Amino acid sequence: MLMTEFTIDDRNRIRRKPDRGRFERDVIYPIIDEALICHVGFVEDGQPFVIPTLHARLDDSLILHGARASRMLKHIQAGHPVCATFTLVDGLVLARSVFNHSMNYRSAVVFGRGRLIEADDEKMHALEALTEHIARGRWAEARQPTIKEMNATTVVGITIEQASAKMRTGPPGDDEADYALPIWAGVLPLGEQAGAPLPDPRLREGIPVPDSVRGFSRTP
Ligand SMILES: Cc1cc2nc3c(=O)[nH]c(=O)nc-3n(C[C@H](O)[C@H](O)[C@H](O)COP(=O)(O)OP(=O)(O)OC[C@H]3O[C@@H](n4cnc5c(N)ncnc54)[C@H](O)[C@@H]3O)c2cc1C
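Residues numbered from 1 in each chain as written. Predicted model: local features only at pLDDT ≥ 70, side-chain atom pairs only at ≥ 80, totals over all residues. Heavy atoms only, no water.

J.: I'd like a description of the environment of Pro 81, backed by residues and values.
T.: Among the secondary structure elements, Pro 81 is positioned in strand S6 (residues 81–94). It is 20 Å that separates the C-alpha atoms of Pro 81 and Ile 14, two residues lying 67 residues apart in sequence. The residues touching Pro 81, leaving out its near neighbours within four places in the chain, are Phe 42, His 75, Gly 112 and Arg 113. (Helix = DSSP H or I, 4+ residues; strand = E, 2+ residues; numbered from the N terminus. Contact = heavy atoms within 4.5 Å.)

J.: I'd like a description of the pairing of strand S2 (residues 37–44), backed by residues and values.
T.: In the sheet, S2 pairs with strand S3 (residues 47–54) via 8 bridges, with the strands oriented antiparallel. Residue pairing for S3: Phe 42 is matched across the bridge by Phe 49. Of the strand pairs in this sheet, S2 and S6 are connected by 3 bridges, and their pairing is antiparallel. Pairing of His 39 across the sheet is with Thr 85, part of S6. (Pairing = 2+ DSSP bridges.)

J.: Outline the side chain of Thr 53, listing residues and values.
T.: By secondary structure assignment, the location of Thr 53 is in strand S3. Those residues within four positions of Thr 53 in sequence are excluded, and the remaining contacts are Ile 37, Cys 38, Val 40, Leu 64, His 65 and Met 72.

J.: Tell me about the pattern of salt bridges, and name the residues and values.
T.: Enumeration according to the criterion identifies 12 salt bridges in this entry. Among the salt bridges present, the one from Asp 10 reaches Arg 13, with a minimum N-O distance of 2.8 Å. The partner of Arg 214 in a salt bridge is Asp 211, and the shortest N-O contact between them spans 2.5 Å. One end of the pair is Arg 214 and the other is Asp 211, both in helix H6 (residues 211–214) and 3 residues apart, which spans about a single turn. A relative accessible area of 59% means that Arg 214 is categorised as exposed. (Salt bridge = Lys/Arg side-chain N within 4 Å of Asp/Glu carboxyl O. Buried < 20%, exposed > 50% of the residue type's maximum accessible area, 1.4 Å probe, protein only.)

J.: Explain the pairing of strand S5 (residues 61–67) to me, and be specific about the residues and the numbers.
T.: In this sheet, S5 lies alongside strand S4 (residues 56–58) in antiparallel orientation, the contact comprising 3 bridges. When the bridges of S5 are listed, Leu 58 appears paired with Ser 61. Taking the residues between adjacent antiparallel strands as the criterion, S4 and S5 are bridged by 2 residues, where Asp 59 takes a positive phi near 50°.

J.: So what about the site of the ligand? Which residues, and what values?
T.: Within the structure, the ligand sits among 16 residues, and Arg 11, Arg 15, Ser 107, Ser 164 and Lys 166 are positioned closest to it. One of the side-chain N or O atoms of Ser 107 is found 2.7 Å from a nitrogen atom in the ligand. In the model, an oxygen atom of the ligand is placed 2.8 Å from a nitrogen or oxygen of the Ser 164 side chain. With the chains in place, 57% of the 860 Å² that the ligand exposes on its own is no longer accessible. Looking at the shell around the ligand, the elements that each hand over two or more residues are strand S7 (102–116) and strand S8 (153–168). The greatest single-element share of the shell around the ligand, amounting to 6 residues, is contributed by S7. Residue composition of the shell around the ligand, by class: 7 nonpolar, 4 polar and 5 charged. (Near = heavy atom within 4 Å. Polar contact = N/O pair within 3.5 Å; in protein donor to acceptor, adjacent residues only side chain to side chain. Areas by Shrake-Rupley, 256 points an atom, 1.4 Å probe, with all protein chains shown as cover. Nonpolar A, V, L, I, M, F, W, Y, C, P; charged D, E, K, R; others polar.)

Set out below in structure tokens:
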């Protein structure tokens, strides 16, 4: 994979607070890989739709899957343009003034066009990437898909043509006069953390919690 910058034009140029923008693959791809879900935006007959879904990334492609009847997947496999966003919230920024409240975040916006992934080996590799995106190591632990399950699943790959990342870090930025106010201000860090695993009530006895669950972490 080439760790280069995406080309910048009117589609992905960050106009609002451009100092927070980044265009390098090695900044953008870790955001995509850490995010559990993405939101896929597309326009049909002039109506915009934004649909949340599970994703994975393989090199410069975004992988999505779902039922054959999915409108979103039909739109993507037809090669129409799509935009997907990924958001990681790192903290709540609590300022002295309500006006300056914000969030610390890392987000990515990608643009591209999709294609149907049909070849069995490529489709299997894409499904493995989606499973591994949920929990690293899970593909090898779980039962592999049957031909019937494969046939019932549409898998698409979206070539990432352009992308941008934007991020905010640091404390609140209050107005100078407000720093004298007797109001608590600061950052409340937030992150995605797993709780204690809840075994399926129908789990057979004697099956230990597997590595993918014990070692779960969202950090790529
Ligand atoms: C958790 C979170 C909370 C936010 N809260 C607010 C809020 O309350 N109000 C607000 O105005 N903005 C908020 N933002 C920032 C928001 O995402 C936009 O960046 C901002 O509103 C400017 O939008 P625009 O369409 O004018 O951007 P423009 O700068 O005109 O967008 C041009 C291009 O820049 C890129 N771009 C823009 N925003 C992002 C982004 N966030 N990540 C990656 N690429 C981007 C895209 O490629 C886009 O096509 C928040 C962002 C996050 C992640």
